[in-house]
Each structure stands twice: as structure tokens, then as C-alpha cells.
Amino acid sequence: EQLSLWATLCLGIAATFGANSAFSETLDPAQACSKDGYMLVMGGVEDQSTVPDMERAQKYGPAVWDLVESYGAFYMVRKAPDVVYEGDWPDWKAGVISKWPCRETGLTFWHSDAYQNEVKPLRKDAGAYDVGMFNAANPGTPAENQDYVPEACTEPFLIVGLTKVTDAEAYGRYSKAIRASNLPRRAGYKLLFGGQPAEVLEGTWPEGYATMVSLYPCRAAWEAFYTGAPYVSDIKPL
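Okay, so let's go over this structure. Counting restarts for each chain, with residues numbered from 1 along the sequence as it is written. The predicted origin of the model limits local features to residues at a pLDDT of at least 70 and limits the giving and counting of side-chain atom pairs to 80 or more, whereas totals for whole chains, interfaces and linings rest on all residues. Computation of side-chain values: all heavy atoms of the structure, hydrogens and water removed.

## Some points on the packing of aromatic side chains
Part 1: Here is the rule: rings of Phe, Tyr and Trp (six-membered ring for Trp) pair when centre to centre is within 6.5 Å. Planes less than 30 degrees apart are stacked, more than 60 are edge-to-face, and the remainder are tilted. Counted by the stated rule, this structure contains 20 aromatic pairs.
Part 2: Between Y71 and W100, the aromatic rings sit 6.5 Å apart at their centres with planes inclined by 55°, giving tilted as the arrangement. Residue Y71 is found in the loop between α2 (60-70) and β3 (74-79), and its partner W100 is found in strand β5 (residues 94-100); the two are separated by 29 residues along the sequence. An identical accessibility class is assigned to Y71 and W100; each is buried.
Part 3: An angle of 65° between the planes, with centres 5.3 Å apart, marks the rings of Y216 and W222 as edge-to-face.
Part 4: Type-normalised accessible area, obtained with a 1.4 Å probe on protein chains alone, sets the label of each residue: buried when under 20%, exposed when over 50%, and partly exposed for intermediate values. Taking relative accessible area as the criterion, W222 reaches 0% and is therefore assigned buried.
Part 5: Members of the aromatic cluster, joined through ring pairs, are Y85, Y171, Y174, Y189, Y216, W222, F225, Y226 and Y231.
Part 6: For a ring to carry a charge above it, either NZ of a lysine or CZ of an arginine must fall within 6 Å of the ring centroid while also lying within 35 degrees of the normal to the ring plane. Sitting over the ring of W65, R78 keeps its end group 3.9 Å from the ring centre.
Part 7: For the cation-ring pair, R123 lies above Y129, with the distance from its terminal atom to the ring centre recorded as 4.8 Å. In this description a helix means any DSSP run of H or I spanning at least four residues, a strand means any run of E spanning at least two, and both kinds are numbered starting from the N terminus.

Written as C-alpha cells, this is what we have:
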């Protein structure tokens, strides 16, 4: 399991799990699925004055939310980041992350007549979007010592990173150090998905960039690791 972090863009987003959803939710187990899948959408409307039909565009959200949930998927988050920890992120751009019973289910939804011919046209000429479908990462073993997790830690926090390695030797030293430290696991880290999309469904994925989306029990747990002296002083400088 990949434990290296990122050098270019790092976003923190409070997870907003649906009221009727659980993180382990799946469809009927008899359905043929490879493994859990995630859809990541990055985009939005930079200038609303350029949207030709705002009333039509505003119908897209409720319509796609209902359709997504009809496939047994659920939204983990659909909003702009709460915090930008590293890099630059346009204030008009949101992140939408949904979990699917498997990658195939997400692709079936995306290519369905209902989405392509009824729902997607609602946002025609209304913004720019990059959409990727990812396979879930293999689950890691939780650390026995999670001393960075406060007792009152009940609001899940997602970290979205986009990484482009420009110095492989230095990044290798960094990756080795972060694995040896076990700092992310002590903060309750769980890698959801990463790398390149299994499928790019819309837009273009930044060339040379890998994605890493991880879940922490709460923002305080993540920040205890990320802003703590062991990481800031000894590991991040690598």
C-alpha cells in the first residue's frame, strides 16, 4: 500500500456521508464486480455569466444525485475544499467524490442513456470538469497505536492530493521516511484510492500527476500528524 504523500496540491475536505449510507455500503453481492470503485470529479463554473441557461444548469445537481444513488453509490463529499494545505486551488472549483459498488457500476451509470441523454445535457456549456473512475486501494492494516487520534474524533476528513514527482531520488528518501515513521497510520489514515484513473470519463487528467485520496477519522487527527514536529522538521524537508 502506498504511504508516500504529495508535493504539489493537498486539499482537506470534511466528508459528508449521506444519511442513509455507510462507508462499507455495497449492492447485491451477487452482482459481478471487480472491487469497490470511486469517481472523482474536479470542476465547476468559473464565470456564471457565461452559462447560457442557469435555470437548466441548476437542475443538474438534484437530477444526477438521484441517479447516482439509484445505482447503489453514495456521495462522500460534493463541495469546495475546506482547507488548501499545499499548492493552489481555484475558489470556483469543487471536488465531488462518490463511492461505487465497483468500477463497472460507475461506468454503467456514466454511459447509460439516462445520464448521457437526460441528465448530462442539463449542464451543457456550464463549467469545465475532469472526471475519473478509480479502483479502490487494497485495505491496509490499521496501526495498533493511533495516538494522534483525539477521543472526540467523529467527523471524517478527506485529504485529496495531486502529485508530480520531479526528483525521484529525493522523493524516494521522503517515501521511505514516511513509511518508517508510521505517522499517517498513527493518525488513523486509510488510503481510499490513488494513482492514475482506471478510466478518464471527461476532461483531461493532469499529465504526469498521480492522485491520492485518503480518509482520516477527523481533521484534528490529520493535522496532528501533518503539522506536528516529527513530520514538519524531519520528514517534509526531504
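## Comments concerning the pairing of β5
Each regular strand carries side chains that alternate between the two faces of the sheet.
Part 1: Among the seven residues that make up β5, six are buried, leaving the element largely enclosed by the rest of the structure.
Part 2: Relative to β5, strand β2 (residues 37-44) runs antiparallel, the two being bridged by seven bridges. Bridged to M39 within β5 is S98.
Part 3: Summarising the sheet, β3 and β5 pair through five bridges and their orientation is antiparallel. Paired with K79 across the two strands is G95, which belongs to β5. For two strands to be treated as a pair, DSSP must find at least two bridges joining them.

## What about unusual backbone geometry?
Part 1: Positive phi, close to 60°, is recorded for D125, a residue that is not glycine.
Part 2: Mapping D125 onto the fold places it in the loop between α4 (113-119) and β6 (128-135).
Part 3: Owing to a relative accessible area of 53%, D125 belongs among the exposed residues under this scheme.
Part 4: A positive phi angle, near 65°, is found at N182, a position not held by glycine.
Part 5: Inspection of the secondary structure assignment puts N182 in the loop between α5 (168-181) and α6 (183-186).
Part 6: Using a relative accessible area of 28% as the deciding quantity, one classes N182 as partly exposed.

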